[in-house]
Amino acid sequence: MGLFDSLRKMFAAPEPEAPPAPPPSQGRAHGIDYDDERVPGPARKKIAAILAALGEVDAMMDREAVQAVSRTEIELMREEHLPKLVKSYIDIPAAHRAEIFRKTGKSASFILEESLEAMKGRIDEIARNLAQHDLDAFSSNAAFISRRYSDGDPFR
């Protein structure tokens, strides 16, 4: 590379950046299509509820100073646990799903839904804990206003 090539590169306009990748759709994560026909309808509804709840918890966490543990747990649910659970269900050949029933006494779809319910329960618990901060703040502010502006308060 010659001197002129070096100078041309130094003074050339920067190359435009590649457009940002589109955000992942709610129906896909790690190549998993949550609307896949092999996923039972009731499980798909639970998955949709989980994804919606994760979005709500994300919004709540953005407003609050949240422990990194909770934030990490939510990210793991969205990015790892949910997709892996659904993929592992989809990957079971239909002809072999009966083996799960023989081993556990429960169908694979029942276990999938049970697992999804457990995940949704944990998300709801995190949401309740986050909401408790808001409830406590509101109660504290309301109590202050009541004390400050009530007619019977002698310390006005």
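Everything below is about the structure printed above this text.
On a predicted model such as this, the values are computed, not experimentally measured, just so you know.

A. Main features of helix H5 (residues 108–149). With 42 residues, H5 extends 60 Å from end C-alpha to end C-alpha; this agrees with the ideal 62 Å at 1.5 Å per step. Where H5 is concerned, the buried positions are Ala108, Leu112, Glu113, Leu116, Met119, Ile123, Ile126, Ala127 and Leu130.

B. Spotlight on the nonpolar core. Judged by nonpolar contacts, the single largest core of 26 residues is most densely connected at Ile47, Val57, Leu82, Val86 and Ile123. When residues of this core are traced back to their parent elements, those giving at least two are helix H2 (41–63), helix H3 (68–91) and H5. Looking at this core element by element, the count peaks at nine residues for H2. Each residue touching Val57, except ones within four places of it in the same chain, is listed here: Ile74, Ile123, Ile126, Ala127 and Leu130.

C. Fine view of the packing of aromatic side chains. One pass over the full model with this rule turns up zero aromatic pairs. In this structure, Arg97 packs its charged tip against the face of Tyr89, placed 4.3 Å from the ring centre. Looking at Arg148, its charged tip hangs above the ring of Tyr149, at a distance of 5.4 Å from the centre.

D. Quick peek at a nonpolar patch on the surface. A surface patch of nonpolar side chains, amounting to about 320 Å² of accessible area, comprises Phe144, Ile145 and Tyr149. With respect to the helices and strands, Phe144 occurs in helix H5. What makes Phe144 partly exposed here is its relative accessible area of 44%.

Thresholds applied
- Residues numbered from 1 in each chain as written.
- Predicted model: local features only at pLDDT ≥ 70, side-chain atom pairs only at ≥ 80, totals over all residues.
- Heavy atoms only, no water.
- Helix = DSSP H or I, 4+ residues; strand = E, 2+ residues; numbered from the N terminus.
- Expected span 1.5 Å × (residues − 1).
- Buried < 20%, exposed > 50% of the residue type's maximum accessible area, 1.4 Å probe, protein only.
- Core = buried A, V, L, I, M, F, W, Y, C linked by side-chain atoms within 4.5 Å.
- Contact = heavy atoms within 4.5 Å.
- Phe/Tyr/Trp six-rings, centres within 6.5 Å; stacked < 30°, edge-to-face > 60°.
- Lys NZ or Arg CZ within 6 Å of the ring centre and 35° of its normal.
- Patch = residues over 30% accessible without salt bridge, like charges linked within 9 Å, V, L, I, M, F, W, Y side chains within 5 Å.
- Areas by Shrake-Rupley, 256 points an atom, 1.4 Å probe, with all protein chains shown as cover.
- Salt bridge = Lys/Arg side-chain N within 4 Å of Asp/Glu carboxyl O.

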